[in-house]
Structure formats: C-alpha cells, structure tokens
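# Reading the structure
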Amino acid sequence: MLLTTSESSTYSASEVAGRLQVDIRTGLKWTEAKYRSKIIGHNELNVNEEEPTWKKYIEQFKNPLILLLLGSALVSVIMKQYDDAVSITIAIIIVVTVAFIQEYRSEKSLEELKKLVPPECHCLREGQLDTFLARELVPGDVVYLNVGDRVPADVRLFEAIDLSIDESSFTGETEPGRKSTELILSSATNKDHTNMKNVAFMGTLVRCGNGKGIVVSTGERSEFGEVFKMMQAEEAPKTPLQKSMDILGAQLSFYSFLIIGVIMLLGWLQGKPLTEMFNISVSLAVAAIPEGLPIVVTVTLALGVMRMAKRNAIVKKLPTVETLGCVNVICSDKTGTLTKNEMTATIIITSDGYMADVTGAGYNDQGEIHIRNCNNVEMAKSNITNLLEIGAVCNNAYIQNGTLLGQPTEGALIAVAMKNGMYATAENYVRIQEYPFSSEQKMMAVKCIHKYNNNKEEIFFAKGALEMLLPQCTKYMFGTQTVPLTKQNEAEFLAEAYEIGRKGLRVLALAKGRSLQDLIYCGLVGITDPPRPLVRESIEMLMQSGVRVKMVTGDAQETAMAIANLIGIDTIHQQTLSGQEMDQLNEHQLDKVANNVSVFYRVTPRHKLAIVKSLQRTGNIVGMTGDGVNDGVALKKADIGIAMGKNGTDVCKEAADMILVNDDFHTIIAAIEEGKAIFYNIRNFVRFQLSTSIAALSLIALATLMGIANPLNAMQILWINIIMDGPPAQSLGVEPVDHDVLKQKPRNIIS
Ligand code: ATP
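Below or above, wherever it landed, is the structure these notes cover. (Residues numbered from 1 in each chain as written. Predicted model: local features only at pLDDT ≥ 70, side-chain atom pairs only at ≥ 80, totals over all residues. Heavy atoms only, no water.)

Right, let's get into the sheet that holds strand S22 (residues 548–552). Pairing between sheet strands relies on hydrogen bonds along the backbone, with the strands arranged either parallel or antiparallel. With respect to topology, eight strands assemble into an open sheet ordered S8-S27-S26-S25-S9-S22-S24-S23, the strand pairing being mixed. The open sheet terminates on both sides in strands that have one partner only, identified here as strand S8 (313–315) and strand S23 (575–578). Strand after strand, the sheet turns through a mean of 20 degrees between neighbouring axes, direction not considered. The pairing of strand S25 (residues 622–626) with strand S26 (residues 640–644) spans four bridges and is classified as parallel. Within S26, the residue paired with Gly626 across the bridge is Ala643. (Pairing = 2+ DSSP bridges. Helix = DSSP H or I, 4+ residues; strand = E, 2+ residues; numbered from the N terminus. Axes fitted to C-alpha atoms, helices over the stretch in contact; angles between N-to-C directions.)

Here it is in structure tokens:
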C-alpha cells in the first residue's frame, strides 16, 4: 500500500488517497493511525550512530594541558621518580574522568533540551483538525500547511492556494518554489526534486499561502532523510568563550615554559644538579596549568542553558548565553510578546454610523452585542450582521470547543460572529480563491460563490488595515444602499479608526464587492489585546540595567502608542517612526534617528531588518523578537534573534538564537539575568584558579631563586590543584548571582 514520494507525484491526488486508504475530507481514523504508526514507526529521523563512549573518553586526553601533564609524568619516569609518575598519572585520570562525566552529562541534557520545542503539525483525523506532534504522523494522514510552517513529512498536495515553499535547505534553490496539485506525467524528471511541484518535502518551509495534502513518506523514508544525516554530521563550533579559554591556556603554557626555562637556566648557573632542576620544572609546569579550567567553562555554560530552559528560554547555541549579557537594545513585537495575543472584538462601527459594544472574552459565544442608542435598531442589527459575515467568511481560523486553531485576530472575528448567533456563516459560501494576508499588504481577501443563491455570481470579501483597504473601495454601505465614497467620508472613517486605535485596540476594516478594485466599505471592528502581566515591570527593570526597549509593530500609530504608554515605553521623550517614513530615510539619516525612536509602527519585516542593521551600525548589541514568516532574516541578523515558541512560525524558530517557550517578554529578562550571571561566575572562577596557579608558581620560583629546598613537590601541587581548586571553581560557576550584578549595565562586548 505504501508509495514512495516520487511515485506519489505521478499519481493524481485521489489515486494517492485511494492507495493510502484515506478519505481526504475526514482524514484517517485514530485507531488506524495508531496501527500504522506501530507498523511503520514514528515520523522521525534517528540520530546518527553516536561515537562510542570510549572514543569520547580518549578525546579528553587531546587537551594540550593534559598532554603537558602526561609529558611531566614521562619525565618523572625517565628520572626514575616513579612515585611522582604514578601520582601524576592518577591525577590525570581523575581530571579526565571528571571532565568526561561532566561533559557527557551536559551533552545529554542539552539533547533533552532540543526535545522541548518539538515540531508540530496540523492534521485532520476523524473529521477534526488537530494540532499534535509531527512525530505522530503516518502515511495517509491529511495535513494542513500554513504560511510559516515547517513541512512535517513528505506530502502529496491536493490543495495549494498561492503556496510557495522554501526548499533551500534541501535543493539549495534560494527562491521559494511555487507548488501546485497537478500530477506530473514524466517519471524521468521525478528524480529532480524541483520538478515535483505537487509534493511538499519534509523539513522545507512554507513561505507563502497555504495548502493541504496527504502524507506519503515519513521519517527516514522521506526524501529529507539523507540530507538530515549530512546535517547531523556537522560539528558544533566552539563558543567565543571556549575559544578565549583555549587562547588563555596557550598563553599560560607559553609563559610558564618561559619562566621554567629561566629558572632552569639560573639553577644550572648556580650549579644545581640537572635531575633536581627537572624535578622542579615538572612541579612548575603542574603548578602553572589550571587543569580543570576548560571543562568548568563548558559545564558552567551548559548548566546555565539548562537553568534558562527551566525559566522558559531555550538557547539554541552556547555562545548566545554570553551575548545575552551584552544586549543593550531589545526590539520587541507588540502582539503576543508585549500583549497577550488573546484577541477579543469589543467594538463594532458600521459604515453608516451604528455602534455596538461587545462583551465577553475568549474564543466562544459567551457575550453579547449591545447596540448603542440609535433610531433604527433593526437596521443596525442587519448592518452589523452584514459586517460580521465578512469577518467570518474572509477567515482561516477555526474555533473548536473553545480552543482556537489559527490566528487570534481571525479568532476574534469568528467569536464575535458567534455572539451574534452566526455559527456557520462561512459554510454558506464556496471559496474559489484566497488572497492571503501578508504583513506587507496588511489585508486579506477571498473570492466566493454563495452555495444557495441561484445566481452564481462571484463575490469578494476583504478585511485588513483601514488605510490599505480604503483605496480599494469605491462605495460604502449606507442603510440598505451603496453610496459612492467621497474624500470626506474617507477622512471620517479614518478618524473613527483613529479614535478606536487610541484606546489601544487593533482596528480591522471590512469590505465586500464584485471586484477587488471596487469594494463596498462596510465598517470597522475594534479588537482588544491586553498587555501581558509583568511587562511593565520587566521594561522598567531592563531600563534600570541599561537595556532600552523599542516596540516594533505592524499596527497603527495610535494603537501602538496607547499600548506603549500602558506598559511604560517612553513615547514623550522618544519619537515614533512609521515604516513609510523609514522608506524616505537613507541609511545615514536612519542611523541618526533610530536610537531615539521608541515605537516603530506599521512596519513590515523588511523594516525590521533595516532597524536591526541601523542600531548595530551605531554600536548597539541588538536583541530582536519575531514571530512571522518574514521575520527570519531580521532574527538572523540581530545579535540575539528571539522567536516565540507558541505562536512563532517554524521559520522564525529556525532563524532564532533563543526561543521563548511561553512567548512572554518577561522571559527575556530571565535570560539576560542568567547570561550576565554566567559571565560573572566564569570570570570569578577563572580569577580564582589563576590566583592559586600564580601563587604556586611564584612560591617555587622564589624558592629556587633563593636557593631554598623546593617547598612543594609536583605531587603536592597537583593535588592542591585538583582537590583544592576544582570543586570550589565549579561551585563558583553555579553560584547564584548578586542582584547588583544583574542591575549592572550591559557588558561591553570588546572587553
Ligand atoms: P506585532 O508586530 O505587534 O506583532 P504584527 O507586525 O504582527 O504586529 P500584523 O499582524 O502585520 O502586525 O498586522 C498589521 C495589521 O494588519 C493589523 O493592524 C491589522 O489591521 C491587519 N491584520 C492583521 N491580521 C490580519 C488578518 N488576518 N487579516 C487581515 N488583516 C489583518
């Protein structure tokens, strides 16, 4: 019954469905899916055969410092100082074993971390659309793909609306490929992945549009299996801190050898026997080397990463931890990061001036629509219903038992329609085409036909930001009439939108019509999205510790300002700047103003990138949050790219250095705190270890110079280094940090 991915592209979608025994309208049954999963296995790629443990152990000996110690042991053997040789060897074994165990443990925990943000998928089973872990998918499952999603398995598409998929991780092609559902006839071309237009490959990213398809290959059977194995072979680079530790180690060795050389020379000039000098030099070498240092650094970083994970910040790469302590500007999204992203429509204004307040919260029908004083309640009701119909039809979200699948903004529109008793309005229409929402266009439209009307006329429903929608409108609804739209009307509608926005509400304009260029404007819905708890406190704390917070939002100025004021972002001494205004500025001009802007509004992902670059040019270390599909580039460019774990798209999570599991701004503070703490801890124990090494080195050097017998032999120094230095250094590494440290200004990256 199974098909390969390339075979599936040569069959029609219904044939594929037939072969995989699935009804694409309802998906598989749960019992059937479980059965298939048992036989075929989970949809996951098994990690490469790991290096055997003994090899990892041997690797530890490759450390230059350990090699140096081995050299000393060898010298001791040659000098027939067997007791020294034995104790040095025992010491080496202890150091190596401790290092090995600690590294092994932190590696394992870091692996566990990766599982904390597992890929999910939207799958249809038994007629219900569900979101669950992608590893549960089996061939035959029907999956929905949305803009920003990572394709969870090889999928034969049977619906593709404006669907473009970025297959660069796979084919190397940088331009996203457009997908269609038609079958491909020639099987000769099938080997070429770019030709398989009707297949979405596992691991690729949906850049635009949406689609539906049947899972054909999962896990290792997918075309991505091979590529994945190659990617796994890549080794993680060393962190800058580890690198500087390596340099420190090399420098230490160099200087200690220099001193040892000088002392030996002096001893020789003093006429001391060569064997004694050798003995002393071994002690010196042992004294100078902070044996445990590199491992303590790695372990401290790894422990820090785990602590951050407990506080809901998943750091993908160890260097991020260090950079976190240096960030001095954070550019944050508004929706979902500073606010809760729990959208509720609270006000409705029709184009003929009827107003209604909406009560209730959450994605359900609990709440009422109260029409404000008016002379014609029936007319108001009918126009509000007309308005809400647009919102419900031009919509891709679903509400199932109080939970929302889809965008919160769209969920709010469905909920308010439900409060008006309109539960299945969208089902009255057949959707022919969708013009998907994008942050650039700031609107979305659908082309439909009414199912039960005999005239099969096409009708467009559109929603979006008012200033983007109005230019497409030529008329507006007035009572039951459509009236030509004048400049004066436009100004009035914009003023209404401004008034709603000023209260901090997101404003959506709604329109419909026979053509997209000739729409009838029907009114506005104001949607509230309250600030997250603790955001105000977090921003205040950040400002105290020298980190400035800038809001970067796609919403209108008044909405952004209202929320900014609520959460304590300074809009009085600082300016606001719109995406459009940014377009008028050249790089140099932008650099001049960007530092003094606290709210960037009506921006697109392209502007986000310009903001990051500009702030970096003026010497800032920038953290940038993002959730949308196009935010990826800005996140990559930022010193710390921060993605949202819950509402963020997979594209974003891919590009980010850090993921906020709970999407909460407050978590950034926790992460910065940890970052600073880790850096200070590492600095403390490096100082501690160096001070003991230098003390031992000076003691022996002085004793030799003054001709006194060697006060400490190699064995004693070694034990001091291991037993006395190791544990305290490690505990300094995990020390909770003083609050004063956290309040300190961001560290200068150069120091
Ligand atoms: P933030 O940066 O605060 O998270 P954003 O950049 O994600 O916000 P967008 O989602 O781009 O903001 O929304 C910008 C504007 O686009 C909104 O003010 C709204 O008018 C409009 N809009 C948002 N979602 C939709 C949608 N699903 N359909 C149509 N228009 C929308």
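We now examine unusual backbone geometry. Unusually for a residue other than glycine, Asn312 sits at a positive phi of about 75 degrees. You can see Asn312 is positioned in the loop between helix H11 (293–310) and S8. Accessibility expressed as a relative area gives 29% for Asn312, which makes it partly exposed. Here the phi dihedral of Arg602 falls at roughly 45 degrees; this positive angle occurs in a residue that is not glycine. Mapped onto the elements, Arg602 comes out in the loop between strand S24 (597–601) and helix H22 (605–617). For Arg602, a relative accessible area of 18% corresponds to the buried category. (Buried < 20%, exposed > 50% of the residue type's maximum accessible area, 1.4 Å probe, protein only.)

Right, let's get into the packing of aromatic side chains. Evaluated as defined, the whole model comprises seven aromatic pairs. On the basis of an interplanar angle of 75 degrees and a centroid distance of 5.9 Å, the ring pair of Tyr57 and Phe61 is categorised as edge-to-face. Measuring from ring centre to ring centre gives 6.3 Å for Tyr435 and Phe460, while their planes differ by 35 degrees; the resulting arrangement is tilted. One end of the pair, Tyr435, is in strand S15 (residues 429–435); the other, Phe460, is in strand S17 (residues 458–464), and 25 residues separate them in sequence. What links up through ring pairs into an aromatic cluster is the set Tyr476, Phe478, Phe493 and Tyr521. The positively charged end of Arg125 is found above the aromatic ring belonging to Trp30, 4.8 Å away from the centroid. (Phe/Tyr/Trp six-rings, centres within 6.5 Å; stacked < 30°, edge-to-face > 60°. Lys NZ or Arg CZ within 6 Å of the ring centre and 35° of its normal.)

Let us now look at helix H17 (residues 487–502). With 16 residues, H17 should cover 22 Å at 1.5 Å per step; its first-to-last C-alpha distance of 22 Å lies within 8% of that length. Following H17 by one or two positions, Gly504 has its phi on the positive side, about 90 degrees. (Expected span 1.5 Å × (residues − 1).)

The environment of the ligand is formed by 20 residues, the closest being Thr335, Gln407, Thr553, Gly554 and Asp555. Within the backbone of Thr335, an N or O atom sits 2.8 Å from an oxygen atom of the ligand. In the model, an oxygen atom of the ligand is placed 3.2 Å from a nitrogen or oxygen of the Arg602 side chain. Relative to its free-state accessible area of 620 Å², the ligand is covered by the protein chains to the extent of 93%. Put simply, the parts of the chain that give the shell around the ligand at least two residues each are helix H13 (334–338), S17 and strand S20 (506–515). By residue number, the principal contributor to the shell around the ligand is S20, which donates three residues. The class makeup of the residues in the shell around the ligand is six nonpolar, six polar and eight charged. (Near = heavy atom within 4 Å. Polar contact = N/O pair within 3.5 Å; in protein donor to acceptor, adjacent residues only side chain to side chain. Areas by Shrake-Rupley, 256 points an atom, 1.4 Å probe, with all protein chains shown as cover. Nonpolar A, V, L, I, M, F, W, Y, C, P; charged D, E, K, R; others polar.)

Okay, the pattern of salt bridges next. Applying the stated criterion to the full structure yields 25 salt bridges. A salt bridge links Glu136 to Arg135; its shortest N-O distance comes to 3.7 Å. Here Asp555 and Arg506 are joined by a salt bridge, their closest N and O atoms 3.1 Å apart. Of this pair, Asp555 sits in the loop between S22 and helix H19 (557–567) while Arg506 sits in strand S20, and the two are 49 residues apart along the sequence. Take Asp555: its relative accessible area is 5%, and that puts it in the buried class. On the basis of relative accessible area, Arg506 is assigned to the buried category, the value being 18%. (Salt bridge = Lys/Arg side-chain N within 4 Å of Asp/Glu carboxyl O.)

Under the defined criterion, the tally for this structure stands at zero disulfides. Left without a disulfide partner, Cys121 is nearest to the cysteine sulfur of Cys123, which lies 5.5 Å away. Residue classification places Cys121 among the buried positions, given a relative accessible area of 3%. Cys473 carries a free sulfur, and the closest cysteine sulfur to it, the one in Cys522, is 8.1 Å from it. (Disulfide = S-S within 2.5 Å.)

Here Leu137 is to be found in the loop between strand S2 (128–133) and strand S3 (142–145). Residues Leu137 and Thr218, spaced 81 residues apart in sequence, show a C-alpha to C-alpha distance of 7.3 Å. In contact with Leu137, other than residues within four places in its own chain, are Asn43, Cys121, Cys123, Arg125, Phe132, Val143, Pro152, Ala153, Val215 and Thr218. (Contact = heavy atoms within 4.5 Å.)

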